[in-house]
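# Examination of the molecular architecture
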Amino acid sequence: MINFNEPPYMEKSMDYIRKAVENKKICGDGEYTKKCNIWLEEHTGTKKALLTTSCTHATELAAILSEIKPGDEVIMPAYTFVSTADAFVLRGAKVVFVDIRPDTMNIDEKLIEHAITDKTRAIVPVHYAGVSCEMDTILAIAKKYNLLVIEDAAQGVMASYKGKALGTMGDYGCYSFHETKNYSMGEGGALLIRDEKNVENAEIVREKGTNRSKFFRGQIDKYTWVEAGSSYLPSELNAAYLYAQLEAADKINEKRRSIWNRYWDGLEKLSDEGKIIRPTIPEGCVHNAHMFYLKARDLEERTALISYLKEQGVQAVFHYIPLHTAPAGRRYGMFAGEDRYTTRESERLVRLPLYYNLSLEQADYVIDKVNAFYKER
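The following refers to the structure shown. (Residues numbered from 1 in each chain as written. Predicted model: local features only at pLDDT ≥ 70, side-chain atom pairs only at ≥ 80, totals over all residues. Heavy atoms only, no water.)

Another aspect to go through is the overall build of the protein chain. Each helix and strand in the protein chain was counted, giving 15 helices and 13 strands. For the C-alpha atoms alone, the extent of the protein chain along its principal axes is close to 75 × 55 × 35 Å. Expressed as a percentage of the 377 residues in the protein chain, the buried residues total 55%. Taking as baseline every contact in the protein chain between residues at least 6 positions apart, the subset at least 24 positions apart corresponds to 70%. Total accessible area on the protein chain stands at roughly 16600 Å², and carbon and sulfur atoms take up 50% of it. Here the protein chain contributes 50 positive and 54 negative side-chain charges, whose respective centroids are spaced 2 Å apart. (Helix = DSSP H or I, 4+ residues; strand = E, 2+ residues; numbered from the N terminus. Buried < 20%, exposed > 50% of the residue type's maximum accessible area, 1.4 Å probe, protein only. Contact = heavy atoms within 4.5 Å. Areas by Shrake-Rupley, 256 points an atom, 1.4 Å probe, with all protein chains shown as cover. Lys, Arg positive; Asp, Glu negative; His and termini not counted. Charge placed at Lys NZ, Arg CZ, Asp CG, Glu CD.)

Here is the structure:
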């Protein structure tokens, strides 16, 4: 079976994990956590990056720092993972879902303004498949209405929009280092902070509400509880595993892009014949080959394709069930306007295997089987 995903692994990871153990410091904010933070800051240009236990927690941290409270409204697409909404629902906010663009599967920036009310506090663009939302428009709307922008860039490490790293354009950006992401620590994430004035409070909330970070930097002689907070620090062992990949980020990115391009070229004929739709990468967007998907004609054809590929030893999968159709989505949110594309397009989408250790020969096999499926259609 060609698996849909296999987590990345670099040989140095075990050396770094061993060193972390030998350092006798395996809790958060040790040598490798700091190295990961610095790498993110240097490679994205963000003012501050803080490694977290997950992208879910990074988004929760952003929601706390944004002072989201009961009665507030937060705008986002329904085509996203539950964590995007959970972070704000936990603060008592109502989630307002907006339809997506069928070309990128990102929030339709032209519909955001119609969803804004006097209760709206933030816009949460989700950069699907590492392809940026139309950020110029979104940032202009946020400025016009004095709204916060919290980027869900879970899939966006090493991707950019008009030369700016995803996650660095809004007030906060949230990365994922989950097992399924381009760079992984098993479970993990990071919060990117644009404005330096928010850094100290972020460190406090992330450290159980204490000023412990200042203590370890020698800025104070003791630390204490100063604010409500939680524990969002990942284990040093996880950070050590991740850092080896960040050191090889360009190598990993190039390999993934070679596979992505292989799929793109190998499925061109089916696309030209109108049998499938391939991903769209708008001008100004540099993607990170996080995902290669195709769109079948409808749900029935997608189901048949996934079943056929499984029979041929290929694990292909669909993706999100739109949040507004879920029980919790109906309870905690509302859909603003018409669901023209969110449900329809989500039912057509199929993700093909794509990971660092996938060989081009395996990718060619997947391409052959997809073409074989459509040969008689």
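Here the narrative resumes, following the displayed structure.
To continue, consider the pairing of strand 3 (residues 94-98). For strand 3, the tally of buried residues reaches four of five residues, placing the bulk of the element in the interior. Here strand 3 runs beside strand 12 (residues 333-335); their pairing, made up of three bridges, is parallel. Bridge pairing in strand 12 places Val 95 opposite Gly 333. (Pairing = 2+ DSSP bridges.)

When you line up the elements, Asp 339 lands in the loop between strand 12 and helix 14 (342-346). Looking at Asp 339, the relative accessible area reads 28%, which means it is partly exposed. Separated by 240 residues in the primary sequence, Asp 339 and Asp 99 place their C-alpha atoms 5.7 Å from one another. Among the polar contacts listed, one links the side chain of Asp 339 to the side chain of Thr 343, at a separation of 2.5 Å. (Polar contact = N/O pair within 3.5 Å; in protein donor to acceptor, adjacent residues only side chain to side chain.)

It is worth spelling out the sheet that holds strand 6 (residues 160-161) at this point. Judged by pairing direction, the sheet is antiparallel, and its three strands sit side by side in the order 7-6-10 without closing on themselves. Unpaired on one side and paired on the other, strand 7 (164-165) and strand 10 (285-286) mark the two borders of the sheet.

Turning our attention to the pattern of salt bridges. The full count for this structure, using the stated rule, is 25 salt bridges. Of the charged contacts, one joins Asp 171 and Arg 194 as a salt bridge, the two residues approaching to 3.2 Å between their closest N and O atoms. Here the residue Asp 171 occupies a position in the loop between strand 7 and strand 8 (172-176), and Arg 194 occupies one in the loop between strand 9 (189-193) and helix 7 (199-206), the gap between them amounting to 23 residues. You can call Asp 171 buried: its relative accessible area is 18%. Among the ionic pairs, Glu 301 bridges to Arg 297, the shortest N-O distance being 3.8 Å. Residue Glu 301 is classed as buried on the basis of its relative accessible area of 5%. Salt bridges linked by common partners bring Lys 295, Arg 344, Glu 345 and Arg 348 together as one network. (Salt bridge = Lys/Arg side-chain N within 4 Å of Asp/Glu carboxyl O.)

Okay, the packing of aromatic side chains next. One pass over the full model with this rule turns up 14 aromatic pairs. Ring geometry for Tyr 128 against Tyr 293: centres 6.0 Å apart, planes inclined by 50 degrees, an arrangement best described as tilted. With Tyr 128 in the loop between strand 4 (120-123) and helix 6 (135-145) and Tyr 293 in strand 11 (residues 293-295), this residue pair connects regions lying 165 residues apart in the sequence. Geometry around Tyr 356 places Lys 255 over its ring, the cationic atom sitting 5.5 Å from the centre. (Phe/Tyr/Trp six-rings, centres within 6.5 Å; stacked < 30°, edge-to-face > 60°. Lys NZ or Arg CZ within 6 Å of the ring centre and 35° of its normal.)

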